[in-house]
Amino acid sequence: MAGKRSPLIQIAHPYLEAINEKTKLSAFLGLRSDRQTILIDKVDSAYGIKVSSEIGMQMPVLAGPALR
């Protein structure tokens, strides 16, 4: 499991914040593991509908957009 000090998270987190700022939606970073995605970082929306999620949570790959 990646920690907040992980270089990947340190690089990606500002992009998640930018996506969140522009869209007003939650932004997530996940790693694919077989047919699952493991959530490693997120920025929650301060507006409207929120997705219930926790760092370390596993979800089906098709539960949301994923980059390969």
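Position numbers for residues count from 1 along each chain, tracking the sequence in the order it is written. Residue-level local features of this predicted model are given only where pLDDT is at least 70; pairs of side-chain atoms are given and counted only at 80 or more, and the full residue set underlies all totals for whole chains, interfaces and linings. For side-chain calculations, the full set of non-hydrogen atoms in the structure is used, while hydrogens and water are omitted.

1. A few points about the sheet that holds strand β3 (residues 58-60)
Strand pairing in a sheet takes place through backbone hydrogen bonds and is either antiparallel or parallel in direction. We count it as follows: The pairing criterion for strands is at least two bridges between them, as found by DSSP. Numbering goes from the N terminus for both helices and strands, where a helix is a DSSP run of H or I of at least four residues and a strand is a run of E of at least two. Every angle, taken between N-to-C directions, lies between 0 and 180 degrees, and every axis is a line fitted to C-alpha atoms, over only the stretch in contact when it is a helix.
Strand order across the open sheet formed by 3 strands is β1-β2-β3, with antiparallel pairing between neighbours. What marks the edges here is a single partner per strand, and that holds for β1 (27-33) and β3. Shown here is a sheet whose adjacent strand axes are inclined to one another by a mean of 45°, direction ignored. The sheet contact formed by strand β2 (residues 36-43) and β3 spans 3 bridges and is antiparallel. Paired with Gln36 across the two strands is Pro60, which belongs to β3.

2. Quick look at the nonpolar core
Across soluble globular proteins, nonpolar side chains show a tendency to be buried alongside one another. To keep it simple, the criterion reads: Among the buried residues, those of types Ala, Val, Leu, Ile, Met, Phe, Trp, Tyr and Cys that are joined through side-chain atoms within 4.5 Å form a nonpolar core. For every residue, the accessible area obtained with a 1.4 Å probe (protein chains only) is divided by the maximum for its type, and the residue is called buried under 20%, exposed over 50%, and partly exposed between those limits. What makes two residues a contact is simply this: any of their non-hydrogen atoms within 4.5 Å.
Within the largest apolar cluster, 7 residues are counted, these being Ile9, Ala12, Leu16, Ala27, Leu29, Ile40 and Val43. Looking at this core, the element that brings in the most residues is helix α1 (residues 7-23), giving 3 residues. In this structure, Leu29 is in contact with Leu8, Ala12, Leu16, Ile38, Leu39, Ile40 and Asp41, ignoring residues within four places of it in sequence.

3. A closer look at the pairing of β1
Two faces make up the sheet, and in a regular strand the side chains alternate between them. Pairing of β1 with β2, which is carried by 7 bridges, proceeds in the antiparallel orientation. Bridge pairing in β2 places Arg32 opposite Thr37.

4. Looking at the pattern of salt bridges
We count it as follows: We define a salt bridge as a contact between a side-chain nitrogen of Lys or Arg and a carboxyl oxygen of Asp or Glu at a distance within 4 Å.
A complete count under the given rule lists 2 salt bridges for this structure. Linking Glu21 and Lys24 is a salt bridge whose minimum nitrogen-to-oxygen distance equals 3.5 Å. For Lys24, a relative accessible area of 35% translates into the label partly exposed. A salt bridge links Asp44 to Lys42; the shortest N-O distance between them is 3.6 Å.

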